[in-house]
Amino acid sequence: MTTINNHQDTNTPVTAPVITSSKQPLSTTKSADTQSVLKRLQSELMALMMIGDSGISAFPEEENIFCWKGTITGSKDTVFEGTEYKLSLSFPNDYPFKPPKVKFETACFHPNVDVYGNICLDILQDKWSSAYDVRTILLSIQSLLGEPNTSSPLNTQAASLWSNQEEYRKMVEKLYKPIAAAA
């Protein structure tokens, strides 16, 4: 409490104004955001481990919880059945408000996957919602394997071959069976 002496020589107690700002120092803001993302990713990791969905998994890469390695197995009754794919997931500092960058690390001959592993999937782009999580992403990509969007291909060769499933299966086997046998 501060005392201000006014002209009548009486002391009137006055409370000092509190200065507030809606802006916090940058390091504090970034640290708080990082902490909330960290908690969210830890929670998603626990949920993913507890649910134990068949054909999908993901874990942080070493000590960095912002970089994960994921695995997807092709669904039954698809040309990808039994084929295992490795993915990388890189989470931004503003996750879950922005989607992670997800790429195939294993080569994937698919209409919606280019030769660099980039994936054309709406929920990883303009249809992203903070309600999505790692599990949703992996299940969506697993589903995309068997149900591609051939009207928006990244790989036009795969898209044109998709309608002939027998030939498509031969191409997938040709490309991936030697890799699986060598492993």
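Described in the following lines is the structure provided in the data block. A quick note: this is a predicted structure, and the numbers were derived from the prediction, not measured.

So, how was this worked out
Residues numbered from 1 in each chain as written. Predicted model: local features only at pLDDT ≥ 70, side-chain atom pairs only at ≥ 80, totals over all residues. Heavy atoms only, no water. Helix = DSSP H or I, 4+ residues; strand = E, 2+ residues; numbered from the N terminus. Buried < 20%, exposed > 50% of the residue type's maximum accessible area, 1.4 Å probe, protein only. Contact = heavy atoms within 4.5 Å. Areas by Shrake-Rupley, 256 points an atom, 1.4 Å probe, with all protein chains shown as cover. Pairing = 2+ DSSP bridges. Axes fitted to C-alpha atoms, helices over the stretch in contact; angles between N-to-C directions. Patch = residues over 30% accessible without salt bridge, like charges linked within 9 Å, V, L, I, M, F, W, Y side chains within 5 Å. Salt bridge = Lys/Arg side-chain N within 4 Å of Asp/Glu carboxyl O. Core = buried A, V, L, I, M, F, W, Y, C linked by side-chain atoms within 4.5 Å.

This next bit is on the overall build of the chain. Per the secondary structure count, the chain includes 4 helices and 6 strands. Written out in order from the N terminus, the α and β elements of the chain read β-β-α-β-β-β-β-α-α-α. Across the 183 residues of the chain, 32% fall into the buried class. Of the contacts formed within the chain by residues at least 6 apart in sequence, a portion of 50% connects residues at least 24 apart. If you sum the accessible surface of the chain, you get close to 11700 Å²; carbon and sulfur atoms cover 53% of it.

In space, the 4 strands of this open sheet follow the order E3-E4-E5-E6, with antiparallel pairing throughout. Sheet topology places strand E3 (56–61) and strand E6 (101–104) at the edges, where each strand pairs with a single neighbour. Averaged over all adjacent pairs, the angle separating strand axes in this sheet is 25 degrees, with direction ignored. Of the pairings in the sheet, the one linking strand E5 (residues 84–90) to E6 comprises 4 bridges and is antiparallel in character. The partner of leucine 89 across the bridge, within E6, is valine 102. This element, helix H2 (residues 134–146), spans E3, strand E4 (64–73), E5 and E6 of the sheet and lies at about 130 degrees to E3.

Let's shift gears to a nonpolar patch on the surface. A surface patch of nonpolar side chains, amounting to about 460 Å² of accessible area, comprises Met46, Met49, Met50 and Phe59. Ranked by residue count, the leading element in the nonpolar patch is helix H1 (residues 26–51), at 3 residues. Following the sequence through the fold, methionine 46 ends up in helix H1. On the accessibility criterion, methionine 46 (46% relative accessible area) is partly exposed.

The next subject is the nonpolar core. With 39 residues, the main nonpolar core has Trp68, Phe104, Ile119, Val134 and Ile141 as its most contacted residues. Every element with two or more residues in this core is listed here: H1, E3, E4, E5, E6, H2 and helix H4 (165–182). Among the elements that line this core, the one with the most residues is H2, at 6 residues. Among all residues touching phenylalanine 104, those that are not within four sequence positions of it are Tyr85, Lys86, Leu87, Val113, Tyr116, Gly117, Ile119, Ile141 and Leu145.

Right, let's talk about the pattern of salt bridges for a bit. Under the criterion given, the structure shown has 6 salt bridges. Among the ionic pairs, arginine 40 bridges to glutamate 44, the shortest N-O distance being 2.5 Å. Highlighted residues: arginine 40 and glutamate 44, both in helix H1, separated by 4 residues, approximately one helical turn. With relative accessibility at 22%, the residue arginine 40 sits in the partly exposed group. Of the charged contacts in the structure, one is a salt bridge between arginine 135 and aspartate 53, with a shortest N-O distance of 2.4 Å. Note that arginine 135 is positioned in helix H2 and aspartate 53 in the loop between H1 and E3, a separation of 82 residues in sequence. Given a relative accessible area of 28%, arginine 135 falls into the partly exposed group. Overlapping salt bridges, with partners in common, bring together Glu166, Glu167 and Lys170 in one network.

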